[in-house]
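One-letter residues, chain by chain:
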Amino acid sequence: MKKSDLVTSILKNQSAKAAAPAEAEAYASANIALIKYWGKRDQELNLPNTSSLSISLSVFGTRTRVKHTKGSDKIFLNKKKLAASDGFVLRIRRFLDLFRSKNEYYEINTLNTVPTAAGLASSASGFAALVKALNDFYAWGLGPRELSILARLGSGSACRSIEEGFVLWNCGIRKDGMDSFAEKIDIRWPELAIGVIMLSTEKKKISSREGMQRTVETSVLYHSWQQKVEQDLARLKQALENKDIALLGQTAESNALSMHATALAAWPPVCYWQPKSLEMIQRVWALRHQGLGLYLTMDAGANIKLLFKSGIEKVVKNHFPTVECIYPFK
Ligand code: 2P0
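Cut-off values and rules
Residues numbered from 1 in each chain as written. Predicted model: local features only at pLDDT ≥ 70, side-chain atom pairs only at ≥ 80, totals over all residues. Heavy atoms only, no water. Helix = DSSP H or I, 4+ residues; strand = E, 2+ residues; numbered from the N terminus. Rg over C-alpha atoms; globule rule 2.2 N^0.38 Å. Buried < 20%, exposed > 50% of the residue type's maximum accessible area, 1.4 Å probe, protein only. Contact = heavy atoms within 4.5 Å. Areas by Shrake-Rupley, 256 points an atom, 1.4 Å probe, with all protein chains shown as cover. Lys, Arg positive; Asp, Glu negative; His and termini not counted. Charge placed at Lys NZ, Arg CZ, Asp CG, Glu CD. Pairing = 2+ DSSP bridges. Axes fitted to C-alpha atoms, helices over the stretch in contact; angles between N-to-C directions. Core = buried A, V, L, I, M, F, W, Y, C linked by side-chain atoms within 4.5 Å. Domains from an automatic or database assignment. Near = heavy atom within 4 Å. Polar contact = N/O pair within 3.5 Å; in protein donor to acceptor, adjacent residues only side chain to side chain. Nonpolar A, V, L, I, M, F, W, Y, C, P; charged D, E, K, R; others polar. Buried area = accessible area lost by both parts, 1.4 Å probe. Salt bridge = Lys/Arg side-chain N within 4 Å of Asp/Glu carboxyl O. Phe/Tyr/Trp six-rings, centres within 6.5 Å; stacked < 30°, edge-to-face > 60°. Parallel < 35°, antiparallel > 145°, perpendicular 65-115°, else oblique. Left-handed = near helix turned anticlockwise from the far one by under 90°.

Draft legend 1. Focus on the overall build of the protein chain. Per the secondary structure count, the protein chain includes nine helices and 13 strands. Here the C-alpha atoms of the protein chain give a radius of gyration of 20 Å, agreeing with the 20 Å that 2.2 N^0.38 yields for 330 residues. The proportion of buried residues among the 330 residues of the protein chain is 54%. Of all intrachain contacts in the protein chain linking residues separated by at least 6 positions in sequence, the fraction that spans at least 24 positions is 75%. Taken as a whole, the protein chain presents about 14700 Å² of accessible surface, with 52% of it coming from carbon and sulfur. Placing the 45 positive and 31 negative side-chain charges of the protein chain at their respective mean positions leaves the two points 3 Å apart.

Draft legend 2. Fine view of the sheet that holds strand E13 (residues 324-326). Spatial strand order, E11-E12-E10-E13: four strands in an open sheet with antiparallel pairing. At either end of the open sheet lies a strand with only one pairing partner, and these are strand E11 (295-297) and E13. Strand-to-strand, the axes of this sheet are offset by a mean angle of 30°, without reference to chain direction. Contacts between helix H7 (residues 245-264) and the sheet are confined to strand E10 (192-197), E11 and strand E12 (304-309), with E11 contributing the most and set at about 35° to the helix.

Draft legend 3. Region of interest: the nonpolar core. Counting 46 residues, the largest nonpolar core has Phe166 and Leu248 as its most contacted members. Where this core is concerned, the elements lending two or more residues are strand E1 (23-35), strand E4 (52-69), strand E8 (166-169), E10, helix H6 (222-242) and H7. When residues of this core are sorted by domain, at least three fall in each of domain 1 (3-184) and domain 2 (192-326). Contacts of Phe166, omitting those with residues within four sequence positions, involve Leu34, Ser54, Ile55, Glu183, Lys184, Ile185, Ile187, Trp189, Leu192, Leu240 and Phe329. Counting residues in hydrophobic clusters, the runner-up holds 40 residues, among them Phe95, Leu96, Leu130 and Ile149.

Draft legend 4. Highlighting the site of the ligand. Close to the ligand lie 18 residues; Tyr37, Lys40, Ser155, Gly156 and Ser157 are nearest. Arg160 is positioned with one of its side-chain polar atoms (N or O) 2.8 Å from an oxygen atom of the ligand. Relative to its free-state accessible area of 470 Å², the ligand is covered by the protein chains to the extent of 93%. For the shell around the ligand, the element with the highest residue contribution is helix H5 (residues 208-218), accounting for three residues. Residues that form the shell around the ligand fall into these classes: six nonpolar, six polar and six charged. Both domains that furnish three or more residues to the shell around the ligand are identified here as domain 1 (3-184) and domain 2 (192-326).

Draft legend 5. Inspection of the domain arrangement of the protein chain at higher detail. Segmentation of the protein chain into domains returns domain 1 (3-184) and domain 2 (192-326). Using only C-alpha atoms to locate each centre, domain 1 and domain 2 end up separated by 25 Å. With both sides pooled, the region where domain 1 packs onto domain 2 buries about 3000 Å², and carbon together with sulfur makes up 70% of that total. Viewed at the interface, domain 2 and domain 1 are joined by one salt bridge. The salt bridge involving Lys36 is made with Asp299; its shortest N-O contact spans 2.7 Å. For the pair domain 1 and domain 2, the interface holds nine residue pairs in polar contact (both at pLDDT 80 or more).

Draft legend 6. Examining the packing of aromatic side chains more closely. Counted under the stated rule, the structure contains eight aromatic pairs. Considering the side-chain rings of Phe95 and Phe99, the 5.3 Å spacing of their centres and the 65° angle between planes classify their relative orientation as edge-to-face. With a centroid separation of 5.4 Å and 20° between ring planes, the pair formed by Tyr138 and Trp140 is classed as stacked. We classify Tyr138 as buried; its relative accessible area is 19%.

Draft legend 7. Main features of the pairing of E12. Counting buried residues in E12 gives five out of six residues, a clear majority hidden from the surface. With six bridges joining them, E10 and E12 adopt antiparallel strand pairing. Paired with Ala193 across the strands is Phe308, a residue of E12. Counted along the chain from E11 to the antiparallel partner E12, the turn is six residues long.

Draft legend 8. Representation of the packing of helix H3 (residues 122-137) against helix H4 (residues 144-154) within the structure. At their nearest, the axes of H3 and H4 sit 9 Å apart, and the two run at 130° to each other. Taken together, the axis directions place H3 and H4 in an arrangement best described as oblique. Handedness of the H3/H4 crossing: right-handed. Counted together, Phe127, Ala128, Val131 and Asn135 of H3 and Leu147, Leu150, Ala151 and Gly154 of H4 form the full contact between these two elements. Residue composition of the contact of H3 with H4, grouped by class: six nonpolar, two polar and no charged.

Structure follows, in structure tokens:
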């Protein structure tokens, strides 16, 4: 099935519920997966092989404004107009093609508080904010489920950025992906902290799309990874219900390291780590050995995200002076 067919079927019953405004603006937070999405059953529709579970990053995200313009699309990123040949522009324009009529052009203003392409999933908050803004711009009146599906067509993990807090993306089994969307988990955990340690803001050499595809096709560990995700999801849900930081931390850390191990076993190997990443990992392990309730996760990049409860923030900052702490529920 093509993206455009799915968009047509989602929008076919949406007559404008209100007068469409001249411009619309929306915000979406970035998200970090505690149980990772790594591998697709459908490349076109970004349908995953396994479910995943994330936490949103509140102030780290994307604000996007949409309005009409004449002649051609104009795309601004952090107030700078991007060249028509820019990779980001091409990706956004291809996505907008799903929604535009003939001779309809957009001016898109995107403000990121997430460093672009540094493994902090700016594409997730970017496509989620764009879809939310388009929903207002055209007065579609779509709910979170449909918005999640549309955002997924831009980037898989974007479907988890429509909602805030803990979010579960059910992989679904349908070919058209109408059962593959993200839903909010109704649990708040105000003491939970995420510490972002930026080690590199460089664009990664292997995109997530390419890295996960290569892993699915060539890693002998991929089958085991899928089984592990099932077990980890059950464990993580239990950790959330009991607000058990040790269980959350162990499950998320082990899931992330398994994802990286599975990717390393691909050929050519897919490695996102830098020497500094390993240094930080070992520092976390040493502190935990001393009894600190500190855990980590990593995405498709060199950066480290720490997981801990608010009570140890001072100690964490002493050991990781550059850490930026985020409380998703405060
Ligand atoms: C995640 N990542 O669950 C995993 C963990 C990276 C590591 O989702 O091809 O940019 O656009 O669907 O969403 C990054 O993948 O990939 C990602 P596409 P996406 O957060």
